Amino acid sequence: MTDTRVARTGAVNARLIERLKARISVPVEGREMLPSFVPFTGELLGDAPRGTREDVREAVDRARAAQGAWARRSVGERARVLRRFHALVLSRQDEILDLVQVESGKARGHAFEEVADCAIVARYYAHHAAEHLRPRRRRGALPGLTSTREYRHPKGVVGIISPWNYPLTLAVTDSLPALVAGNAVVLKPDRQTSFTALWAAELLDEAGLPRGLFGVVTGEGREAGAALIGEVDYVSFTGSTATGRTVARQAGERLIGCSLELGGKNAMILLEDADLERATEGAVRGCFSNAGQLCISIERLFVHDSIFDRFVQRFVEKTRALRLGPAFDYSTDVGSLVSRKQLDTVEEHVRDAVAEGATVLAGGRSRPDLGPLFYEPTILTDVRAGMTLFADETFGPVVSLQRFRSVDEAVEKTNDTPYGLNASVWTRDARRGREVAAQIHAGTVNVNDAYAAAWASTDAPMGGMKDSGLGRRHGEEGILRYTDSQTVAVQRLFSLSGPPGVSGERYARFLSGVLKVFEKVPGLR
Ligand code: NAD
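Residues numbered from 1 in each chain as written. Predicted model: local features only at pLDDT ≥ 70, side-chain atom pairs only at ≥ 80, totals over all residues. Heavy atoms only, no water.

A. Focus on the packing of aromatic side chains. The tally for this structure, following the rule as stated, stands at eight aromatic pairs. Between Phe40 and Phe374, the ring centres sit 6.1 Å apart and the planes meet at 10°, which makes this aromatic pair stacked. You can see Phe40 sitting in the loop between β1 (33-37) and β2 (44-49) and its partner Phe374 sitting in the loop between β12 (359-362) and β13 (378-381), a full 334 residues away along the chain. Note on accessibility: Phe40 and Phe374 belong to one class, buried. (Phe/Tyr/Trp six-rings, centres within 6.5 Å; stacked < 30°, edge-to-face > 60°. Helix = DSSP H or I, 4+ residues; strand = E, 2+ residues; numbered from the N terminus. Buried < 20%, exposed > 50% of the residue type's maximum accessible area, 1.4 Å probe, protein only.)

Okay, here's the thing in structure tokens:
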């Protein structure tokens, strides 16, 4: 039975939830229904069917049936859908901002980051997909003898598996380049945020995607997610490193490609010449955006000894001034955590650190007076190796502060983690910032910003080194991952093994001479 008791929050009501349910590529009848809850209040939001292996297969079959005709359309025609999506997501933002907040518990401003990100990525690929996908001339072994071109063909059906923390952006922005490259997509969102993903699917339909091309299967990761990897031609996964390893094993077994956007333990370094005002603002944003439930947020803050005390005073003051609470407008700065599981992890990390000698400079407690899952933005110092949060990702509003005396020490501490997702360096000297960045083992490094500068540079690749992932989203890599390259070489005059009638020995001598000349002529190398 479907439970129709739905929490009335923002513009999200029972009618909207029922309408979105109709967009699921899984039958509701006869399926177990999985409930989801509103983090702000703990009320029931709605429920979605637990998709089975068979449901996933059917959704992929439907997507595959629609994909051929879609791939035959020109890139320009496909890009038009992205342009319409760009317009729609901006004009319909009120409804989706409410829904993202209701499902994830985040503050309005952080929900808006998702809308803006969807628009930026849609615009980027709408205007640049054709240049990334165009056939390219490639050099043959001997110029003039072989005419070689590289073509890009869509993989077919791409599976996207997305988490709950940025439920709109992570459902949409990896899907858009897959679609414009000529693929179909089947998305398996986290069960906590199915309705945001369904809303995005509706909007893509309205923007002009053909029926069946974009499927959404709801359900459990281990069941529907694993089944999806078993059916698709490529998988784009965003989530924890532990699950990423399972996804990679399964993709490897099937010999399909995958990109893995995983966890982090990101560091910010404040050099002695940092602009303290800007750095303090940046640290607050970097540590507490989305209540710290952001893969690229900062959990370790290294501050030069000469500015440590001045920075700490400002940082603590600004952190304590953050407005925490549930609100469907821009009147709060930080929202709720998403689930009891996240709250338990945050509480456990802080409890363990304090028991082992860490000092709480701000926050350090949950706020049941605001809602069941609120936790105060928390600054810790005296954090040492051996405490759980020293090395493990907390994925919550908690940062540890440490002093350093030399750049080498800061870089060494920054790199002392199995993760390598994002880092941030603050200095008035941009060249110095770039030099420090070059020594950091992280896929993105922001100089004088926490995370948004690199993330929003959608022309540049974004992703993790080490245990933070494989492959890249955004830019050329972000779209070419969804294609297979094909090299077509047209041979002229005679074959590379020699013209007819010329002996093997003579041809070998001739070719050796030619190769020596080619090595010397810059245009022929
Ligand atoms: P998770 O790995 O538990 O779940 C992510 C998704 O994978 C969900 O949709 C889930 O249903 C699905 N899933 C779970 N088990 C699966 C399986 N065996 N096979 C296939 N799919 C499966 O991640 P989470 O804890 O919900 O998300 C938080 C993590 O995601 C954090 O570690 C965070 O750093 C990371 N993250 C990374 C990025 C990035 O871009 N690098 C972005 C957001 C979140």
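Having seen the model, we can carry on.
B. Geometry of the UniProt feature "domain: Aldehyde dehydrogenase" (unreviewed entry) in the protein. Using the residue numbers shown here, the UniProt feature "domain: Aldehyde dehydrogenase" (unreviewed entry) corresponds to residues 32-488. Taken end to end, residues 32-488 has its terminal C-alpha atoms 50 Å apart, with 43% of it in helix and 21% in strand. (UniProt positions renumbered as here; feature names shortened; annotations may be inferred.)

C. The arrangement of the sheet that holds strand β10 (residues 266-270) in detail. With mixed pairing, seven strands are arranged side by side in an open sheet as β12-β13-β14-β11-β10-β16-β17. The outermost strands of the open sheet, each flanked by one partner alone, are β12 and β17 (444-447). Strand-to-strand twist of the sheet, defined as the mean angle between neighbouring strand axes without regard to direction, takes the value 25°. Relative to strand β14 (residues 398-404), strand β11 (residues 298-304) is paired through five bridges, and the arrangement is parallel. (Pairing = 2+ DSSP bridges. Axes fitted to C-alpha atoms, helices over the stretch in contact; angles between N-to-C directions.)

D. Examining the domain arrangement of the protein more closely. Here the protein is partitioned into domain 1 (54-133 + 150-262) and domain 2 (266-461). Using only C-alpha atoms to locate each centre, domain 1 and domain 2 end up separated by 29 Å. Around 2000 Å² of area is buried between domain 1 and domain 2 when both sides are counted, 57% of it from carbon and sulfur atoms. The interface formed by domain 1 and domain 2 holds nine residue pairs in polar contact (both at pLDDT 80 or more) in total. (Domains from an automatic or database assignment. Buried area = accessible area lost by both parts, 1.4 Å probe. Polar contact = N/O pair within 3.5 Å; in protein donor to acceptor, adjacent residues only side chain to side chain.)

E. How the structure looks around the layout of surface pockets. Each pocket or cavity is described by its volume, and for the largest pocket that value is around 1400 Å³. Along its surface, the largest pocket is lined by 49 residues, and Trp164, Asp190, Ser240, Thr243 and Lys341 are the ones closest to its centre. Of all the secondary structure elements, the ones that give two or more residues to the lining of the largest pocket are β1, α9 (221-229), β8 (234-238), α10 (241-254) and α13 (340-355). Among the elements that line the lining of the largest pocket, the one with the most residues is α10, at six residues. Here the lining of the largest pocket is built from residues that sort into 20 nonpolar, 19 polar and ten charged. Looking at which domains feed residues into the lining of the largest pocket, each of domain 1 (54-133 + 150-262) and domain 2 (266-461) gives three or more. (1 Å grid on protein atoms, 1.4 Å probe; cavity = no way out; pocket = protein on both sides within 12 Å on 5 of 7 lines; lining within 4 Å. Points joined across faces, edges and corners; volume = space filled by probe spheres on them. Nonpolar A, V, L, I, M, F, W, Y, C, P; charged D, E, K, R; others polar.)

F. Structural view of the nonpolar core. Grouped together as the largest cluster of nonpolar side chains are 136 residues, with contacts concentrated most on Phe85, Leu270, Leu301, Phe311 and Phe315. Broken down by element, the residue count for this core peaks at eleven residues, all from helix α5 (residues 108-133). Each of domain 1 (54-133 + 150-262) and domain 2 (266-461) gives at least three residues to this core. Those residues within four positions of Phe85 in sequence are excluded, and the remaining contacts are Cys118, Ala122, Val172, Leu176, Ala200, Leu203, Leu204 and Ala207. (Core = buried A, V, L, I, M, F, W, Y, C linked by side-chain atoms within 4.5 Å. Contact = heavy atoms within 4.5 Å.)

G. Spatial organisation of unusual backbone geometry. Despite not being glycine, Ala291 shows a phi value in the positive range, around 50°. Within the element layout of this structure, Ala291 appears in the loop between α11 (276-288) and β11. The buried category is assigned to Ala291, whose relative accessible area is 1%. Phi is positive for Asn448, which is not a glycine, with a value near 60°. Relative to the helices and strands, Asn448 resides in the loop between β17 and α17 (452-455).

H. Inspection of empty space enclosed by the protein at higher detail. Inspection of every chain in the model, using the stated rule, returns one cavity of 30 Å³ or more. By volume, the largest cavity amounts to about 80 Å³. Around the largest cavity, the lining comprises 14 residues; the ones closest to its centre are Lys265, Arg300, Thr414, Tyr419 and Asn422. At the level of elements, β10, β15 (419-420) and β16 (422-426) are the ones that each hand at least two residues to the lining of the largest cavity. Taken together, the residues of the lining of the largest cavity break down into six nonpolar, six polar and two charged.

I. Geometry of the packing of helix α4 (residues 93-104) against helix α8 (residues 194-206). For the pair α4 and α8, interaxial distance at closest approach is 8 Å and the crossing angle is 160°. By the angle class used here, α4 and α8 are roughly antiparallel. Crossing handedness for the pair α4 and α8: left-handed. The residues of α8 that touch α4, namely those facing Glu95, Ile96, Leu99, Val100 and Glu103, are Ser194, Phe195, Thr196 and Trp199. Looking at the contact of α4 with α8, its residues break down into five nonpolar, two polar and two charged. (Parallel < 35°, antiparallel > 145°, perpendicular 65-115°, else oblique. Left-handed = near helix turned anticlockwise from the far one by under 90°.)

J. A look at the site of the ligand. As a structural note, the neighbourhood of the ligand is formed by 26 residues, with Ser162, Trp164, Lys188, Leu262 and Glu393 the closest of them. One nitrogen or oxygen atom from the main chain of Ser162 is found 2.7 Å from an oxygen atom belonging to the ligand. Here Gly221 contributes a backbone N or O atom positioned 3.4 Å from an oxygen atom of the ligand. For the ligand, the accessible surface in isolation is 850 Å², of which the surrounding protein chains cover 90%. The cavity that encloses the ligand is the largest pocket. Elements represented by at least two residues in the shell around the ligand include exactly α9 and β8. (Near = heavy atom within 4 Å. Areas by Shrake-Rupley, 256 points an atom, 1.4 Å probe, with all protein chains shown as cover. Sits in = over half its atoms within 2 Å of the grid points.)

K. Expanded view of the state of the cysteines. Counted by the stated rule, this structure contains zero disulfides. As a non-bridged cysteine, Cys295 has Cys118 as the owner of its nearest cysteine sulfur, 14 Å distant. Given the relative accessible area of 16%, Cys295 is considered buried. (Disulfide = S-S within 2.5 Å.)

L. Layout of the UniProt feature "active site" (unreviewed entry) in the protein. Residues annotated in UniProt with the feature "active site" (unreviewed entry) correspond here to Glu261. For Glu261, the location among the structural elements is in strand β9 (residues 257-261). Take Glu261: its relative accessible area is 4%, and that puts it in the buried class. Aside from chain neighbours lying at most four places away, what touches Glu261 is Phe237, Thr238, Gly239, Met462, Gly463, Gly464, Ser468, Gly471, Arg472 and Arg473.

M. How the structure looks around the environment of Asn290. Summarising the element assignment, Asn290 is placed in the loop between α11 and β11. The buried category is assigned to Asn290, whose relative accessible area is 4%. When the C-alpha positions of Asn290 and Ala65 are compared, they lie 39 Å apart, and in sequence the two are 225 residues distant. Residues contacting Asn290, with those up to four places away along its chain left out, are Lys106, His110, Asn165 and Tyr166.

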